[in-house]
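What follows is the residue order along each chain.
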Amino acid sequence: MSEAIGKETEANPGTGELAGKVGLVVGIANDKSIAAGCARAFAEAGAELAITYMNERAKPHVAPVSEALGAELLLPLDLADDVQLAAVFDAVAQKWGRLDFLLHSVAFCPREDLHGRVVDCSRDGFTQAMDISCHSFIRMARAAEPLMRDGGSIMTVSYYGAEKVVDHYNIMGPVKAALEAATRYMAAELGAVDIRVNALSPGPIATRAASGIDHFDALIDDARARSAEGRLVTIGEVGAAARFLASDGAAGMTGNVMYVDAGRHIRM
């Protein structure tokens, strides 16, 4: 259901639709992450990359992905730490002096709040989920804007649970709905400086982050049964969509939620 990043997929700089572009990828946990699939697609299209990892415990799982893709920078970033966030963008500015695209693929909610009813979600749990999963995207867009002097593409990752009630997705549904609304508002605000803001909405994929959702196996089975194509999608397919949104070919697209779910969203 997901694709690993291997040494044989090392980047080939100078070729492809993203040749000459610089991208920042935030949210890789390991080689099976959605963000890893996107980073692979970016690198194969010729982009130069900066990749982040959450903390020292996560670094051994992210570093092999970064190395395989020939990323120029591998930087620590806990999105709750504004100092680290500023340091990441400072490092990008010092290395390249610009940023052409950004992928934010991060979501978090305390387990006790994620597994409970929306009406039972604690104030602290809701605040933390909204801060890391949504407001961090806003903070990153604000930091990216000065580096996108010639325009750029900013992307985040949402889910169908933002639009319809999905059993066991719980408080992350309202949080992702806020993320999609923020995408539209930022697209309107940044369009005047040629910065596009879009959200990808993949179908469920067996990633480390998704494993925290209660009854995730049932959600996977339901998505497969209800999708138009009768299957799940891969991180490679999500990566192909992200690569397109990062490219000049998507210059006329902003404020969108792009579904990459084999048609799951067209059915109740």
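This structure is a prediction, so every number in the text was calculated from the model and none was measured.

Student: So what exactly am I meant to see when it comes to the overall build of the chain here?
Tutor: For the chain, the helix and strand inventory stands at 8 helices and 7 strands. The C-alpha radius of gyration of the chain comes to 17 Å, within 12% of the 18 Å expected for a compact globule of 268 residues. With the C-alpha coordinates of the chain rotated into their principal frame, the extents come out at 45 × 40 × 40 Å. Across the 268 residues of the chain, 52% fall into the buried class. Contacts in the chain between residues at least 24 apart in sequence constitute 76% of all its contacts with a sequence separation of at least 6. Of the side chains in the chain, 25 bear a positive and 35 a negative charge, and the two mean positions are spaced by 2 Å.

Student: Help me understand empty space enclosed by the protein in this model?
Tutor: Over the atoms a probe the size of a water molecule is rolled, and this reveals where empty space is left. Applying the stated criterion across every chain yields a total of 1 cavity of 30 Å³ or more. Roughly 40 Å³ of volume is contained in the largest cavity. Every residue along the wall of the largest cavity is listed here: Gly203, Pro204, Ala223, Ser227, Arg231, Leu232, Val233, Asp261, Ala262 and Arg264. Across the lining of the largest cavity, the residue classes tally to 5 nonpolar, 2 polar and 3 charged.

Student: Honestly, the pairing of strand E3 (residues 73-76) in this entry has me stumped. Any pointers?
Tutor: The side chains of a regular strand alternate, residue by residue, between the two faces of the sheet. In E3, alternate side chains face the same way, and those of Leu73 and Leu75 are buried while those of Leu74 and Pro76 on the opposite face are not. One crossover worth recording links strand E2 (residues 48-53) to the parallel E3 by way of helix H2 (residues 59-68), and it is right-handed.

Here is what the cut-offs are and how they apply
Residues numbered from 1 in each chain as written. Predicted model: local features only at pLDDT ≥ 70, side-chain atom pairs only at ≥ 80, totals over all residues. Heavy atoms only, no water. Helix = DSSP H or I, 4+ residues; strand = E, 2+ residues; numbered from the N terminus. Rg over C-alpha atoms; globule rule 2.2 N^0.38 Å. Buried < 20%, exposed > 50% of the residue type's maximum accessible area, 1.4 Å probe, protein only. Contact = heavy atoms within 4.5 Å. Lys, Arg positive; Asp, Glu negative; His and termini not counted. Charge placed at Lys NZ, Arg CZ, Asp CG, Glu CD. 1 Å grid on protein atoms, 1.4 Å probe; cavity = no way out; pocket = protein on both sides within 12 Å on 5 of 7 lines; lining within 4 Å. Points joined across faces, edges and corners; volume = space filled by probe spheres on them. Nonpolar A, V, L, I, M, F, W, Y, C, P; charged D, E, K, R; others polar. Right-handed = clockwise from strand over helix to strand, strands pointing away.

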